[in-house]
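# Residue-level structural notes
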There are 4 protein chains.
Amino acid sequence: MYEPLRGVYNILSTPFHPDGSLDEASLRRLVEATIAAGVDGITVLGVAGEAQKLTDAERRRVVEVVMETVGGRVPVIVGTSRDGTDATIAASREAEAMGAAGVMVAPPTFLQPGPALTEHFRRLGEAIGIPIVLQDYPPVNGVTLSPRAMAELVEAVPAIATIKLEDTPTPQRIAQTLKLTGDRVTIVGGLGGMYLLDELRAGASGTMTGFAYPEVLVAIWRAWQAGDRAGAAERYYRALPALVFEGQPRIGLAIRKETQRRRGLIAHATVRHPGPVLDEQTLEALTEVLEWTGLPAAYDRVGAQSSAS
Amino acid sequence: MYEPLRGVYNILSTPFHPDGSLDEASLRRLVEATIAAGVDGITVLGVAGEAQKLTDAERRRVVEVVMETVGGRVPVIVGTSRDGTDATIAASREAEAMGAAGVMVAPPTFLQPGPALTEHFRRLGEAIGIPIVLQDYPPVNGVTLSPRAMAELVEAVPAIATIKLEDTPTPQRIAQTLKLTGDRVTIVGGLGGMYLLDELRAGASGTMTGFAYPEVLVAIWRAWQAGDRAGAAERYYRALPALVFEGQPRIGLAIRKETQRRRGLIAHATVRHPGPVLDEQTLEALTEVLEWTGLPAAYDRVGAQSSAS
Amino acid sequence: MYEPLRGVYNILSTPFHPDGSLDEASLRRLVEATIAAGVDGITVLGVAGEAQKLTDAERRRVVEVVMETVGGRVPVIVGTSRDGTDATIAASREAEAMGAAGVMVAPPTFLQPGPALTEHFRRLGEAIGIPIVLQDYPPVNGVTLSPRAMAELVEAVPAIATIKLEDTPTPQRIAQTLKLTGDRVTIVGGLGGMYLLDELRAGASGTMTGFAYPEVLVAIWRAWQAGDRAGAAERYYRALPALVFEGQPRIGLAIRKETQRRRGLIAHATVRHPGPVLDEQTLEALTEVLEWTGLPAAYDRVGAQSSAS
Amino acid sequence: MYEPLRGVYNILSTPFHPDGSLDEASLRRLVEATIAAGVDGITVLGVAGEAQKLTDAERRRVVEVVMETVGGRVPVIVGTSRDGTDATIAASREAEAMGAAGVMVAPPTFLQPGPALTEHFRRLGEAIGIPIVLQDYPPVNGVTLSPRAMAELVEAVPAIATIKLEDTPTPQRIAQTLKLTGDRVTIVGGLGGMYLLDELRAGASGTMTGFAYPEVLVAIWRAWQAGDRAGAAERYYRALPALVFEGQPRIGLAIRKETQRRRGLIAHATVRHPGPVLDEQTLEALTEVLEWTGLPAAYDRVGAQSSAS
């Protein structure tokens, strides 16, 4: 009934002007570049989209702009996590009405697994007609979901079609969870793609994450799907320095936006306060890392690489 | 420049209908009863007001209803904590425009003390013309503020006029913090008034908290202010069984709303999901506790006690 | 097979000289006074016994001294929590060999419920011939046990005979857990007896905790057991100011030791570093609280009250 | 007065027999191989040495065996973290008496920065004659140290000669902390060397960590020190797949021990319970990763590579 997701879903950055206001022109440009990179779908209003720092009105506007720009070319998943069930439902219904293909929802802050958490997702599932992507990412809400806890949520809530699993060690936890859920759901990785190859080895059906070079994730995924494990590994290991560098906890988003700025995808690297600020040395290190991996040269025109791969 | 708060500020419950929608009639009734109880001010959209489970639109409506009902009889503080600085500023400016006498703001989720937290409050203070009540309550955001961290925020941000200190042991921490801040700010307690007497002994200038019998907090505070320590102690210790019972972590809000319902202050005890649900035994224990403390009899007409005390 | 515990088990403070070394004379005196208070058992090396700040050799010595002094008059439970399973087993076997009636064990630091935690307790249970008291107290190890998680541990580990449940709200959680475990185990409260009456209402079979006036806990328990609910309530509510004051998180142990010193039960109130230090005001407040509750007068000769009740 | 550490200090695994008992023969072999790899020093009883799962007697034995085997060829640092100050001092004095060149100490569990934490280190520093390596690793004790908090500890405690900084993002935090401490101390990285190159860029004076191929860390460090940045980068990026794979949170130690077993450095990959267990797929992935990086071939004889580099 609910189609599980597969492939590379890119978590979109939310671009801001230097004064912190929404930069709609950059947002449109970023959407175009992301589609050109060959992604299977787009996710807006994730943690990496700074959703938690937007007002309800700004969130609505981001979805509007993205929906208009995408124009149905790829499915769009909307993050609608809230601390209350009614508010989560309201945001999710609104997303559905605006054309979302699914919603991505993490447990409310500090609401550990148990009957109340299950009820939260059950009510949400019954209130909407699109699938839920269950997000497992402890740093954002203080909630740890064991493989068994995720399997029980999946069993209780038919609308959960996909799990975005981001608590380390992701490969081993993906394998453990799939043993319990079977193919009722798909599991995709995240964490900026840092463990993507091993997540695929463990049975992941793709990844839902941000990375300033989505075409790299696409190329890895396509090679993997084509049965070309060596090609997937080669692409992954070649990009690993950049994946690790951008994947640094707490400052990763600032590195990603700076890289997107350098690529011309967005006008400013602004991260809304409170957020990471990069020092000179990190900016220089970024240059070295990208040079080392050959990313600026090989991928200067967005999308070129993925179509060539 | 910014007037520190003093006295009993009642954190208002947000009443809901059984279906979870806002019960405006009960909200108005609760405001009237709270003013009749003799409070020095009212605080809306606190954690105990389930602010984190409301949409932006619902929050706005709560403030509107409360402002209309209060009609300037007492100052109203509005909770405007958000995870982003811009969103906190937007909510705070809106509250100011609607007549708030101040805003109550806790640190963003997991943003520990340091330059970024200071900057959060500094920007907020510069963006509004009303004072900030700094809220210290780790369970809601995972942030622990040492006395020194609070003193440094106070020093850096002139707009912080009052600290609502709720991390235990509150009396000792109030004393330690006042040693560092001097009389630049006032400190008020919270935690449902459970440690109120000792907080006053430690130098607190009142309390900002919810309790189903605000007139009891008022009576304790007035006795204390009048130099009647024995009277304050007698009132506090007499109410202690109810303060401890309602002050139970995690289920306290459900006990408070049930008590308010029994008193006729609100129509339904509904707590929005996810939230505590009381079992039969807790409901019976509540009856016993209230009987023991004589609260239902002594305080059956709201406000009668405080004017008589 | 394993006899569940019932009644009042007093968690013993570990007395130190001002230089931090073990004060064996005070330890013997404290044991005598505790037995005289009418307790059903004694627990050593709990968190409140500062077990985590002792060396293995010191822990051994504390158990030796207590065993010698008790001389079989009451059962002695020994805290043997360690972060490793082998080390927990080694400490528990040693305790058993020294005459312990049971061991009290909390989950290893940060080891959340799951197969590994179950295995920890299963191995321990198979390695010893005395029952396990499962300790549920998140502040000490960062582990939260839901009622279901506790019930599953109980089902998997026959040696768990009793749960010491200390995560709030204790009364409601005791009732929820007993619904799942039936009478396979007993559950006792803790937290300094602060919620003792409500814990008994919820089905607790006693309490295992420290409190500077164990005879008060004994009197409440005996009244309750005798079916005298009003008598139990009267004793509990009369003592509540002291229970709440001593029950303050983080500084409670220092208050307890100071009270024990004032009663002549131990020579020095020394708490090992790092540990709470009381300011003048808290010391004065303690005097007022004890006077208010009548504890110094009513209980000046230890044991007098419990035998009279 | 206290000489700050520099270079590669290898955190030694503690080898066990399949039944969990200490495998002294493997321990001696591992020490020999580690010295042959060219390390500047050895650290025993770290978290990666499973120190927290050993008894005091076992810890003593590990130090004895290591000291005997090392025989003064390289300095040995001993982990002596305990939750109490007296116990930390006792363990540290014992380590000093046994020939330790320094002690590695993390804050006691949940003791956040403040006067009590400072006092803990101050007393330790005054009680011993060897330097302290301050360990910053939140997952093990729940304590987060900001750069300023570390700088204040360094200022207050002359015995702190080195910081082992392991809270991400390590490169940026190393730079921030060095700005505050100047060259009063050195800072070394950890985390299995996963961010080693960027830590060096940020000013780190080496690394103190475990990795199954310590000669790789040595080669990176020596190239860096010789001013050969390209050589350091080449070695680091070539090893990155293995560094990332072994660096996986929670299961990294099991991967390391399995790798050490495959290399013949230890007889069994046993990790003491509770500890990670690897599934088949992770074992296979390990084989692929090592093949990809060429580590088994290039480094089959321990020490060969570092002497060649």
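Residues numbered from 1 in each chain as written. Chains lettered and ligands numbered in written order. Predicted model: local features only at pLDDT ≥ 70, side-chain atom pairs only at ≥ 80, totals over all residues. Heavy atoms only, no water.

## As for the overall build of chain A
Keep this limit in mind: Labels follow the DSSP assignment, with helices taken as runs of H or I lasting at least four residues and strands as runs of E lasting at least two, numbered in each case from the N terminus. Note on classification: 1.4 Å probe, protein chains only; a residue is buried when its accessible area is under 20% of the maximum for its type, exposed when over 50%, partly exposed between these limits. Contact criterion: two residues are considered in contact whenever any of their non-hydrogen atoms come within 4.5 Å of each other. Only the protein chains shown count as covering a residue, and every accessible area follows the Shrake-Rupley method with a 1.4 Å probe. In this count, Lys and Arg are taken as positive residues and Asp and Glu as negative ones, while His and the chain termini are left out. Charged groups are reduced to one reference atom each: NZ for lysine, CZ for arginine, CG for aspartic acid, CD for glutamic acid.
If you tally the helices and strands in chain A, you get 14 helices and eight strands. The proportion of buried residues among the 309 residues of chain A is 65%. Pairs at least 24 apart in sequence give 72% of the contacts found in chain A among residues at least 6 apart. For chain A, the accessible surface area stands at approximately 10,300 Å², while carbon and sulfur atoms represent 52% of it. Here chain A contributes 30 positively and 36 negatively charged side chains, and the mean placements of these two sets differ by 2 Å.

## What to know about the nonpolar core
This is how it is decided: Only buried residues count toward a nonpolar core. Its members are Ala, Val, Leu, Ile, Met, Phe, Trp, Tyr and Cys residues joined through side-chain atoms within 4.5 Å.
Residues Ile42, Val66 and Ile132 of chain A together with Ile132 of chain D are the most contacted members of the largest nonpolar core, which totals 191 residues. Apart from residues no more than four positions distant in its own chain, Ile42 of chain A is found in contact with Tyr9, Asn10, Leu12, Val31, Thr34, Ile35, Val66, Val70, Val74, Pro75, Val76 and Ile77 of chain A. Counting 189 residues, the second-largest nonpolar core is a separate cluster that includes Val154, Val185 and Trp224 of chain B together with Ile42 of chain C.

## Regarding the packing of helix α10 (residues 229-246) of chain A against helix α10 (residues 229-246) of chain D
The criterion, for reference: Whenever a helix is involved, its axis is fitted only over the stretch in contact; in every case the axis is a line through C-alpha atoms, and angles between N-to-C directions fall within 0 to 180 degrees. Throughout this description, any angle smaller than 35 degrees is read as roughly parallel, any larger than 145 degrees as roughly antiparallel, any in the 65 to 115 degree range as roughly perpendicular, and the remainder as oblique.
Axis separation between α10 of chain A and α10 of chain D bottoms out at 9 Å; the angle between their running directions is 75°. Here α10 of chain A lies roughly perpendicular to α10 of chain D, going by the angle between them. Between α10 of chain A and α10 of chain D, the residues in contact are Tyr237, Leu240, Pro241 and Val244 of chain A and Tyr237, Leu240, Pro241 and Val244 of chain D, respectively.

## A closer look at the packing of aromatic side chains
As a reminder, the rule being used: Here the aromatic set is Phe, Tyr and Trp, taking the six-membered ring for Trp, and pairing holds for ring centres within 6.5 Å; pairs whose planes are under 30 degrees apart are stacked, those over 60 apart are edge-to-face, and all others are tilted.
A full pass over the atoms with the stated rule returns 14 aromatic pairs over all chains. Within the aromatic cluster, the residues linked to one another by ring pairs are Tyr236 and Tyr237 of chain A together with Trp292 of chain D.

## A short note on the sheet that holds strand β8 (residues 206-209) of chain D
Residues and elements named next belong to chain D. The following threshold applies: Two strands make a pair as long as DSSP finds a minimum of two bridges between them.
One open sheet accounts for eight strands, arranged β7-β6-β5-β4-β3-β2-β1-β8; its pairing is parallel. Two strands bound the open sheet, and with one partner strand each, they are β7 (186-188) and β8. Direction aside, the axes of adjacent strands within the sheet are offset by 25° on average. Where strand β4 (residues 102-105) and strand β5 (residues 132-136) come together, three bridges link them in parallel fashion. For Val105, the partnering residue across the bridge sits in β5 and is Leu134. In the packing of helix α4 (residues 115-127) onto the sheet, contacts are made with β4, β5 and β6 (160-165), and the angle to β5 comes to roughly 155°.

## So, the packing of helix α3 (residues 85-97) of chain C against helix α4 (residues 115-127) of chain C
Residues and elements named next belong to chain C. Note the following rule: By the definition used in this description, the sense in which the near helix is turned from the far one sets the handedness, with an anticlockwise turn below a right angle giving left-handed and a clockwise turn giving right-handed. Just so you know the grouping, Ala, Val, Leu, Ile, Met, Phe, Trp, Tyr, Cys and Pro go in nonpolar, Asp, Glu, Lys and Arg go in charged, and all remaining residues, Gly too, go in polar.
It is the contact of α3 with α4, at a shortest axis distance of 10 Å, that shows an interaxial angle of 30°. Judged on the interaxial angle alone, α4 and α3 are roughly parallel. Handedness of the α3/α4 crossing: right-handed. Across the interface between the two elements, Thr85, Thr88, Ile89, Ser92 and Arg93 from α3 touch His120, Arg123, Leu124 and Ala127 from α4. Residue composition of the contact of α3 with α4, by class: three nonpolar, four polar and two charged.

## Focus: the pattern of salt bridges
Residue and element names in this part refer to chain A. As a reminder, the rule being used: By definition, a salt bridge exists where a carboxyl oxygen of Asp or Glu is found within 4 Å of a side-chain nitrogen of Lys or Arg.
Within the structure shown, the criterion is met by 102 salt bridges over all chains. A salt bridge links Glu68 to Arg28; the nearest nitrogen and oxygen atoms lie 3.3 Å apart. With Glu68 in helix α2 (residues 56-70) and Arg28 in helix α1 (residues 24-36), this residue pair connects regions lying 40 residues apart in the sequence. The exposure class of Arg28 is partly exposed, given its relative accessible area of 29%. Via salt bridges that share partners, Glu119, Arg122, Arg123 and Glu126 belong to a single interconnected network.

## Here we look at the confidence of the model for chain A
Residue and element names in this part refer to chain A. In plain terms, the rule: pLDDT expresses how confident the predictor is about each individual residue, on a scale running from 0 to 100.
Residues with a pLDDT of 70 or more make up 95% of chain A, whose mean pLDDT is 95. Throughout residues 297-309 the model reports pLDDT below 50, and contacts reaching past four residues in sequence, or to other chains, amount to 27 contacts. Interface scoring of the predicted complex returns ipTM 0.94; its pTM is 0.95.

## Notes on helix α3 (residues 85-97) of chain D
All names here are of chain D. Here is the rule: For a helix, the expected span equals 1.5 Å multiplied by the number of residues minus one.
Taking 1.5 Å of rise per residue, 13 residues should cover 18 Å, and α3 covers 18 Å from first to last C-alpha, within 8% of that figure. Looking at the buried positions of α3, the neighbouring elements they touch are β3 (76-79), β4 and α4. Just beyond α3, the residue with positive phi is Gly99, at close to 110°.

## Looking at the interface of chain A and chain D
Put simply, the test is: Summed over both partners, the accessible area lost on bringing two parts together, with a 1.4 Å probe, is the buried area. Polar contacts, as counted here, are pairs of nitrogen or oxygen atoms within 3.5 Å of one another; within protein the pair requires one atom able to donate a hydrogen and one able to accept it, and residues that are adjacent in sequence qualify only if both atoms are side-chain atoms.
Counting residues at the interface gives 34 residues for chain A and 34 residues for chain D. Both faces considered, chain A and chain D share a buried interface measuring about 2,800 Å² in area, 57% of it formed by carbon and sulfur atoms. Counting every contact that joins chain A to chain D gives four salt bridges. Two residues, Arg250 of chain D and Asp167 of chain A, come together in a salt bridge whose shortest N-O distance is 3.4 Å. Counting the contacts that link chain A with chain D gives ten residue pairs in polar contact (both at pLDDT 80 or more). Those elements that place two or more of their residues in the side of chain A that touches chain D are α7 (170-181), α8 (196-201), α10 and α12 (280-293) of chain A.

## Quick word on the side chain of Thr293 of chain A
Its place among the elements puts Thr293 of chain A in helix α12. Take Thr293 of chain A: its relative accessible area is 6%, and that puts it in the buried class.

## Digging into the side chain of Arg82 of chain D
Residues and elements named next belong to chain D. Following the sequence through the fold, Arg82 ends up in the loop between β3 and α3. No salt bridge is formed by the buried Arg82. Its closest oppositely charged neighbour is Asp56, at 4.1 Å. Here Arg82 is in contact with Asp56, Arg59, Ala87, Thr88, Ala91, Pro108 and His120, once residues within four sequence places are set aside.

## Brief notes about the pairing of strand β4 (residues 102-105) of chain A
All names here are of chain A. We apply this condition: Here a crossover is taken to be right-handed if, once the strands point away from the viewer, the path from the first strand over the helix to the second is traced clockwise.
In β4, alternate side chains face the same way, and those of Gly102 and Met104 on one face and Val103 and Val105 on the other are all buried. Here three bridges tie strand β3 (residues 76-79) to β4, and the two strands are oriented parallel to one another. Directly across from Ile77, in β4, lies its bridge partner Gly102. Once the chain exits β3 it traverses helix α3 (residues 85-97) before rejoining the sheet at β4, and the crossover so formed is right-handed.

## Description of the sheet that holds strand β6 (residues 160-165) of chain C
Remark on secondary structure: sheet strands pair via backbone hydrogen bonds, oriented parallel or antiparallel. Residue and element names in this part refer to chain C. Taking strand neighbours across the sheet as the criterion, the eight strands line up as β7-β6-β5-β4-β3-β2-β1-β8 in an open arrangement whose pairing is parallel. The outermost strands of the open sheet, each flanked by one partner alone, are β7 (186-188) and β8 (206-209). The mean angle between the axes of side-by-side strands here comes to 25°, regardless of whether they run parallel or antiparallel. Pairing of strand β5 (residues 132-136) with β6 involves five bridges; the strand directions are parallel. Among the inter-strand pairings, Gln135 is bridged to a residue of β6, identified as Lys164. Along the sheet, helix α2 (residues 56-70) makes contact with β2 (41-44) and β3 (76-79), crossing β3 at roughly 175°. Here helix α6 (residues 147-156) sits on the sheet in contact with β5 and β6, set at roughly 160° to β6.

## Let's talk about the environment of Leu111 of chain A
Along the chain, Leu111 of chain A turns up in the loop between β4 and α4 (115-127). According to the relative accessible area criterion, Leu111 of chain A is buried, its value standing at 16%. Through-space distance from the C-alpha of Leu111 of chain A to that of Arg73 of chain A is 36 Å; in sequence the pair is 38 residues apart. Every residue in contact with Leu111 of chain A, bar those within four places of it in the chain, is listed here: Ala116, Leu117 and Val143 of chain A together with Pro274 of chain B.

## Overview of α4 of chain A
In an α-helix, one full turn covers 3.6 residues, which means residues spaced three or four apart are oriented alike. Residues and elements named next belong to chain A. Given a rise of 1.5 Å per residue, 13 residues ought to cover 18 Å, and the 18 Å separating the end C-alpha atoms of α4 matches this to within 8%. Looking at α4, one finds that the buried residues are Leu117, His120, Phe121, Leu124, Gly125 and Ala127. Those residues of α4 that are buried are in contact with α3, β4, β5 (132-136), α6 (147-156) and β6 (160-165).

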